[in-house]
Amino acid sequence: MSNFIEHCLERVLALQVRLYACQARLADCTDTEALHDLRIALRQLRSLLRPLRGLQAVDALEQGAAVLGRLSGPLRDREVLVAELARMGLAHLAPADEAQRAAGYAAIARSRELAELMALLDGWPANWYEAARQGQLKSVNKRIRRRLQRQQRQLASALRDPEHDRHRLRLLIKRVRYAAETYPAQSRLNKAAQLRLKRAQSALGDWHDHLQWLAQAEAHESLRPCRPLWLQAQLAAERRADDALLALYGDLPSPG
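The shown structure was predicted, so the numbers you read here are calculated from the model rather than taken from an experiment.

1. Side note on the state of the cysteines
Here comes step 1: Following the criterion strictly, the structure yields zero disulfides and no others.
Here comes step 2: Its sulfur unpaired, Cys8 is 20 Å from the next cysteine sulfur, which belongs to Cys22.
Here comes step 3: We classify Cys8 as buried; its relative accessible area is 0%.

2. Things to note about the domain arrangement of the chain
Here comes step 1: On domain assignment, one finds that the chain holds domain 1 (1-137) and domain 2 (141-255).
Here comes step 2: Relative to domain 2, the C-alpha centre of domain 1 lies at a distance of 22 Å.
Here comes step 3: On the side of domain 2, 20 residues touch domain 1, which itself brings 21 residues to the contact.
Here comes step 4: Taken together, both faces of the contact between domain 1 and domain 2 bury some 1,900 Å²; the carbon and sulfur share is 61%.
Here comes step 5: If you look at where domain 1 meets domain 2, you find five residue pairs in polar contact (both at pLDDT 80 or more).
Here comes step 6: Every element with two or more residues in the side of domain 1 that touches domain 2 is listed here: α1 (2-28), α2 (34-49) and α3 (56-87).
Here comes step 7: Per element, the largest residue contribution to the side of domain 1 that touches domain 2 is five residues, and it comes from α3.
Here comes step 8: Taken together, the residues of the side of domain 1 that touches domain 2 break down into 12 nonpolar, three polar and six charged.

3. As for the environment of Ile173
Here comes step 1: Among the secondary structure elements, Ile173 is positioned in helix α7 (residues 166-182).
Here comes step 2: What makes Ile173 buried here is its relative accessible area of 0%.
Here comes step 3: Taking the C-alpha atoms as reference points, Ile173 and Gly135, 38 residues apart in sequence, are found 32 Å from one another.
Here comes step 4: Sequence-distant contacts of Ile173, that is, excluding residues within four places in its chain, are made with Leu155, Leu197, Ala200, Gln201, Leu204, Leu245 and Leu248.

4. Re the packing of α3 against helix α5 (residues 112-133)
Here comes step 1: Close contact between α3 and α5 brings their axes to 9 Å; oriented N to C, the two are set at 160°. Judged by the inter-axis angle, α3 sits roughly antiparallel to α5. Along this stretch, α3 crosses α5, giving a crossing that reads as left-handed. Judged by residue contacts, Ala57, Val58, Ala60, Leu61, Gly64, Ala65, Val67, Leu68 and Leu71 of α3 engage Glu113, Leu114, Leu117, Leu120, Leu121, Trp124, Asn127, Trp128 and Ala131 from α5.
Here comes step 2: Per-class residue counts for the contact of α3 with α5 are 15 nonpolar, two polar and one charged.

Parameters and conventions
- Residues numbered from 1 in each chain as written.
- Predicted model: local features only at pLDDT ≥ 70, side-chain atom pairs only at ≥ 80, totals over all residues.
- Heavy atoms only, no water.
- Disulfide = S-S within 2.5 Å.
- Buried < 20%, exposed > 50% of the residue type's maximum accessible area, 1.4 Å probe, protein only.
- Domains from an automatic or database assignment.
- Contact = heavy atoms within 4.5 Å.
- Buried area = accessible area lost by both parts, 1.4 Å probe.
- Polar contact = N/O pair within 3.5 Å; in protein donor to acceptor, adjacent residues only side chain to side chain.
- Helix = DSSP H or I, 4+ residues; strand = E, 2+ residues; numbered from the N terminus.
- Nonpolar A, V, L, I, M, F, W, Y, C, P; charged D, E, K, R; others polar.
- Axes fitted to C-alpha atoms, helices over the stretch in contact; angles between N-to-C directions.
- Parallel < 35°, antiparallel > 145°, perpendicular 65-115°, else oblique.
- Left-handed = near helix turned anticlockwise from the far one by under 90°.

This is the structure in structure tokens:
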């Protein structure tokens with residue numbers, strides 16, 4: 001148990017260091033990878049903490065990471081759109097210019113949400129050790145294993161729903177995949193299954209991106225010329241996603 005307590009503490013502290021570095025890079029306003037790296041660190045933090053929900057040392061920190069993730073999402077979506085337009089040789093059609101994106105980076109770097117998350121991370125070691133002292137972590141491995149199995153059953157049930165919602169499936173797949181990466185022993189999903197989850201997530205992510213870009217093309221006349229190609233790509237991604245989802249059936253426990 002003490003090994004787990006120390007290991008979890010070390011992982012959170014390492015992510016805190018990464019978040020500080022991302023904050024500095026965002027404040028510089030020129031690093032186009034800083035926001036993406038910030039969101040990866042947030043996702044890894046949430047994947048570590050989500051199966052531990054219900055512990056006082058965890059809930060506020062996990063919620064703080066979720067709030068910052070929601071705040072940074074729209075700016076990341078714009079980054080992805082700009083990259084797609086650049087790939088198409090149409091970077092000049094981007095609805096936001098460099099100055100606006102730089103202002104967005106600076107706003108996140110000095111945001112109240114990021115400052116509050118950093119304050120929570122500062123208090124994490126004391127709170128985590130207090131939870132251990134009070135005996136809250138005694139059955140932590142069983143708690144993690146049970147919650148990961150519940151996530152997998154939820155995904156299995158959603159996959160078998162003939163009217164399944166691809167948006168919800170994308171969210172469930174992300175949770176199951178990242179949890180398996182974070183807690184491989186407790187998830188009991190082998191590398192092949194994790195690879196199939198990654199493929200399904202990638203196809204659903206591609207589908208989701210094109211869906212968003214098509215909505216942007218409706219809102220911004222300058223993007224209308226992109227619509228035929230995006231619609232074709234969105235339908236192709238939908239087909240790839242459906243094939244990838246079928247491949248997952250045998251990897252997950254029965255929905256029960």
